[in-house]
Amino acid sequence: MAGNYNQRYSDNHARGGSGVRSRNASYNSRGVRSGSRGSGRSSSGGGSGRNRIMTNAEKEAIREKRLRRIRQKKARQRAYTYRVIFLSVCALFVFGLWKGVTGITGYIENSRQEKIDAMQNIEINKGNDAIDVAESVITVTEASTEATVETTEAYDPTKVFSNGRYVDITKPMVALTWDDGPNGSTGEAIMDVLEKYNGRGTFFIVGNRIDEFASEVQRMAANGHEIANHSWDHDTKLSKNSSDYIVQEFAKTNAKVQEVAGVTPVLARLPGGIISDTVKSSITMPLIFWSVDTLDWKHKDADKVISSIKSEVTDGSIVLMHELYKSTQAACEQIIPWLVEQGYQLVTVSELIQFRNAEVVGGNGKQYSSFPPTETVAETTAETAAASPETQAAAPTKAEESEEASSKKSSSNDEDSAKSSKSKSEDNDNDNHSTQVIPGVDDAQDEVSEVQDSQENSDVIEAPAETTEDDTYVPTTAQEAQAVSETAWWMAGPSAQGAPDGNAQADAIQAIDAPG
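Residues numbered from 1 in each chain as written. Predicted model: local features only at pLDDT ≥ 70, side-chain atom pairs only at ≥ 80, totals over all residues. Heavy atoms only, no water.

S.K.: Where do I start with the environment of K171 in this structure?
M.R.: With respect to the element layout, K171 can be found in the loop between β4 (165-168) and β5 (173-181). Between the C-alpha atom of K171 and that of P373, which follows or precedes it by 202 residues, the distance is 9.9 Å. Excluding residues within four positions of it along the chain, K171 makes contact with Q345 and R356. (Helix = DSSP H or I, 4+ residues; strand = E, 2+ residues; numbered from the N terminus. Contact = heavy atoms within 4.5 Å.)

This is the structure in structure tokens:
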């Protein structure tokens, strides 16, 4: 039987069965196990016993496992700390936001409450204020009456506010004019001097130069200077062209000025001052001539410009200069202060017409050269402006006496002229531009005006009633010289135009004066 057991044990062990516990024991022939029970545990053959010694690899694995657990624990602690910090920051942010919102809301509520309280205080004090106002009405009325009296006494009807400054209509006036601009720095310098002395000027500009010097044109309009029309391209043969051509020359310039400066010129000056019947019927704007010709374009000498103005200027003169020359600029820097020192007010041509109450119209074939004050106007302008109804009613008698004396004086010099002027005055012909209309003295003033018309030194350049075969007005020698010289300047091109001391115009004058 023991043999069978051993056989089964050996077979089971060979098959590697795991169900039979292996033991290090031997059996004798009788089947009795030999050896001690623990011999297998104490053997040095190794195995998996409880007292088996651990290898270094096993010890290292255990140590790594412990370290990994420690690291994981520290990582969890750090994550927890970060979460706590983050939540604390969020809590503080929310708290600050809440405080800000509540603060703004409280400020708005306080403001509303203050307004409500203020309105209530106004309602409460309204009755008291009404009492205070009622008590002060008499005091305010008395003070207002005193101020009105003082203002009335200080008011001067002879001073008129025009173009940014006051003009005394009883004092001498001169209209300085410049042709052929704009020209950039020269015009800017001239305006600087004018404005320094509270003066204003009239610039007769050429249309095709406006775009190049737009800022200068804009300054003219903005600072109260007058922009007038000098045709589109300064065609000195303008009078020989068709009516449509003439109309376009001035219409294009007006349109360009309106586009750039926002104003439309109301006065015109012909190139060279040459006029014809075609020009008369085509141009509806008043035509402005001049009474003082400086000839600055000819000699380009500042001293000669200054000398001509000083020797020829009078009250109501229109002075002709040109914006193209540095010599003219230098002359203006000296003559403008001199004119102011002499008591002249520097006005635009339109202001001169307005303050002298001149009747100026366009399309009548006249070129207005000056606007001197008549004796009647000089004596009665201030009185008429500030007179009471009784004074105005008495004014005609005094004016008639003055005009009658003037008429007698003129009649003694030229009896025939006086008779002719008297017959014209009966027909109410008031063609003279310097006629001053004063209520109640129309007939006497008309007589004075017609006497002035009969004098040799008329202030209006008349176009002839009959023209030559080609319907062109034949200019004087001076006008022809100026027209030809200006044409030479324009034909010389930009290089010659840019030179302020060029001799193109002087050469043209010499050609005119040459024999044949």
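From this point, the narrative continues.
S.K.: What should I look at first to understand a positive patch on the surface in this one?
M.R.: A cluster of basic residues, K65, R66, R68, R69 and R71, forms a positive patch at the surface. Mapped onto the fold, R66 is located in helix α3 (residues 56-154). (Patch = residues over 30% accessible without salt bridge, like charges linked within 9 Å, V, L, I, M, F, W, Y side chains within 5 Å. Areas by Shrake-Rupley, 256 points an atom, 1.4 Å probe, with all protein chains shown as cover. Salt bridge = Lys/Arg side-chain N within 4 Å of Asp/Glu carboxyl O. Lys, Arg positive; Asp, Glu negative; His and termini not counted. Charge placed at Lys NZ, Arg CZ, Asp CG, Glu CD.)

S.K.: Even after reading the chapter, I still don't get helix α5 (residues 214-222), so can you show me in this structure?
M.R.: Each α-helix winds once per 3.6 residues, and so residues spaced three or four apart point in a common direction. Within the span of α5, buried status applies to E216, V217, R219 and M220. All buried residues of α5 lie within an arc of 160° about the axis, which places them on one face of the element. Set apart from the buried face of α5 by more than 90 degrees, the exposed residues are S215 and A222. Buried residues along α5 sit in contact with α4 (185-196), β6 (202-205), β7 (226-229) and α6 (243-261). Looking one or two places after α5, you find G224, whose phi comes out positive at around 90°. (Buried < 20%, exposed > 50% of the residue type's maximum accessible area, 1.4 Å probe, protein only. Arc of directions from axis to C-beta.)

S.K.: How should the nonpolar core be read in this particular structure?
M.R.: A general trend in soluble globular proteins is that nonpolar side chains are found buried together. Core analysis: the biggest nonpolar cluster contains 30 residues, and L176, W178, I205, I309, M321, I336 and L339 have the highest contact counts within it. Going through the elements one at a time, β5, α4, β6, α5, α6, α9 (302-312), β10 (318-322) and α10 (326-341) are the ones with two or more residues in this core. Tallying contributions element by element places α10 first for this core, with five residues. If near-sequence neighbours (up to four positions away) are discounted, L339 is found in contact with L176, I309, V313, Y344 and L346. (Core = buried A, V, L, I, M, F, W, Y, C linked by side-chain atoms within 4.5 Å.)

S.K.: Explain the packing of α9 against α10 to me, please; I cannot follow it from the model alone.
M.R.: Describing two packed helices takes the angle between their axes plus the distance from one axis to the other. The contact between α9 and α10 brings their axes to 8 Å, and the two run at 35°. As α9 runs across α10, the sense of the crossing is right-handed. Only S327, A330, A331, Q334, I335, W338 and L339 of α10 make contact with α9, whose side of the interface consists of A302, V305, I306, I309 and K310. Taken together, the residues of the contact of α9 with α10 sort by class into nine nonpolar, two polar and one charged. (Axes fitted to C-alpha atoms, helices over the stretch in contact; angles between N-to-C directions. Left-handed = near helix turned anticlockwise from the far one by under 90°. Nonpolar A, V, L, I, M, F, W, Y, C, P; charged D, E, K, R; others polar.)

S.K.: Just checking my understanding: could you explain the packing of α4 against α10 for this structure?
M.R.: At a closest axis distance of 9 Å, the pairing of α4 and α10 adopts a crossing angle of 0°. It follows from the interaxial angle that α4 and α10 lie roughly parallel. Here S185, T186, A189, I190, V193 and L194 of α4 lie close against α10, whose contacting residues are K326, Q329, C332, E333 and I336. Here the contact of α4 with α10 is built from residues that sort into six nonpolar, three polar and two charged. (Parallel < 35°, antiparallel > 145°, perpendicular 65-115°, else oblique.)

S.K.: Would you mind showing me how to read the environment of A268 here?
M.R.: Looking at the element boundaries, A268 is found in the loop between α6 and α7 (277-282). Between the alpha carbons of A268 and I227 there is a distance of 9.5 Å; along the sequence they are 41 residues apart.

S.K.: Would you mind showing me how to read the pairing of β7 here?
M.R.: The two faces of the sheet receive side chains in turn, since in a regular strand these alternate between them. Here β7 shows a buried face lined by E226 and A228 and a second buried face lined by I227 and N229. Two strands pair when backbone bridges link them, and β6 and β7 are joined in this way by four bridges, in the parallel orientation. Bridge pairing in β7 links I205 to N229. (Pairing = 2+ DSSP bridges.)

S.K.: Mind showing me how you'd approach the environment of I246 here?
M.R.: Within the secondary structure, I246 is located in helix α6. A residue is classified by how much of its surface remains accessible, and I246, at 0% relative accessible area, is buried. Residues I246 and W232 lie 14 residues apart in sequence; the distance between their C-alpha atoms is 9.6 Å. Excluding anything up to four places from it in sequence, I246 contacts L238, N241, T278, V279, S282 and I283.

S.K.: Help me out: how do you make sense of unusual backbone geometry in this one?
M.R.: In this model, G181 is joined to P182 through a cis peptide bond whose omega is 0°. Following the sequence through the fold, P182 ends up in the loop between β5 and α4. Its identity is not glycine, yet N198 carries a phi of approximately 65°, on the positive side. Checked against the element boundaries, N198 lands in the loop between α4 and β6. On the accessibility criterion, N198 (42% relative accessible area) is partly exposed.

S.K.: Just checking my understanding: could you explain the pattern of salt bridges for this structure?
M.R.: Where charged atoms of side chains with opposite charge meet at close range, the side chains can pair. One pass over the full model with this rule turns up 13 salt bridges. One salt bridge connects K280 with D277, and the closest N-O pair in it is separated by 3.3 Å. Residue K280 and its partner D277 are located together in helix α7, separated by three residues, close to a single helical turn. By relative accessible area, D277 is classed as partly exposed at 22%. Each of E188, D192, E195 and R219 takes part in salt bridges that share partners, so that together they form one network.

S.K.: Can you walk me through the pairing of β10 in this structure?
M.R.: Counting buried positions over the five residues of β10 gives five, a clear majority of the element. Residues I318, L320 and H322 of β10 are buried on one face, and the alternating residues V319 and M321, pointing to the opposite face, are buried as well. Pairing of β5 with β10 involves five bridges; the strand directions are parallel. Residue pairing for β10: T177 is matched across the bridge by L320. Two elements, strand β9 (residues 292-293) and β10, share two bridges in a ladder whose sense is parallel. Note that in β10 the partner of D293 across the bridge is L320.

S.K.: I tried to follow the confidence of the model for the protein on my own but got confused; where do I start?
M.R.: Close inspection of predicted coordinates is inappropriate for parts of the model with low pLDDT. Averaged over all residues, the pLDDT of the protein is 73; the fraction at 70 or higher stands at 56%. Per-residue pLDDT stays below 50 along residues 454-458; that stretch engages in three contacts with residues further than four places along the chain or on separate chains. Taken as a whole, residues 498-516 scores under 50 in pLDDT and shows 26 contacts with residues more than four places along the chain or in a different chain. (pLDDT = per-residue confidence, 0-100.)

S.K.: Would you take a moment to explain α9 for this structure?
M.R.: Residues A302, V305, I306, S308 and I309 constitute the buried set of α9. For α9, the buried positions fall inside an angular range of 165° around the axis, keeping them on one side. Residues of α9 that are exposed and angled more than 90 degrees away from the buried face: D303 and S311. Turning to α9, the residues buried within the fold contact β9, α8 (296-299), β10 and α10. One side-chain oxygen of the residue at the start of α9 lies 2.9 Å from the amide nitrogen of D303, identifying that residue as D301. (Polar contact = N/O pair within 3.5 Å; in protein donor to acceptor, adjacent residues only side chain to side chain.)

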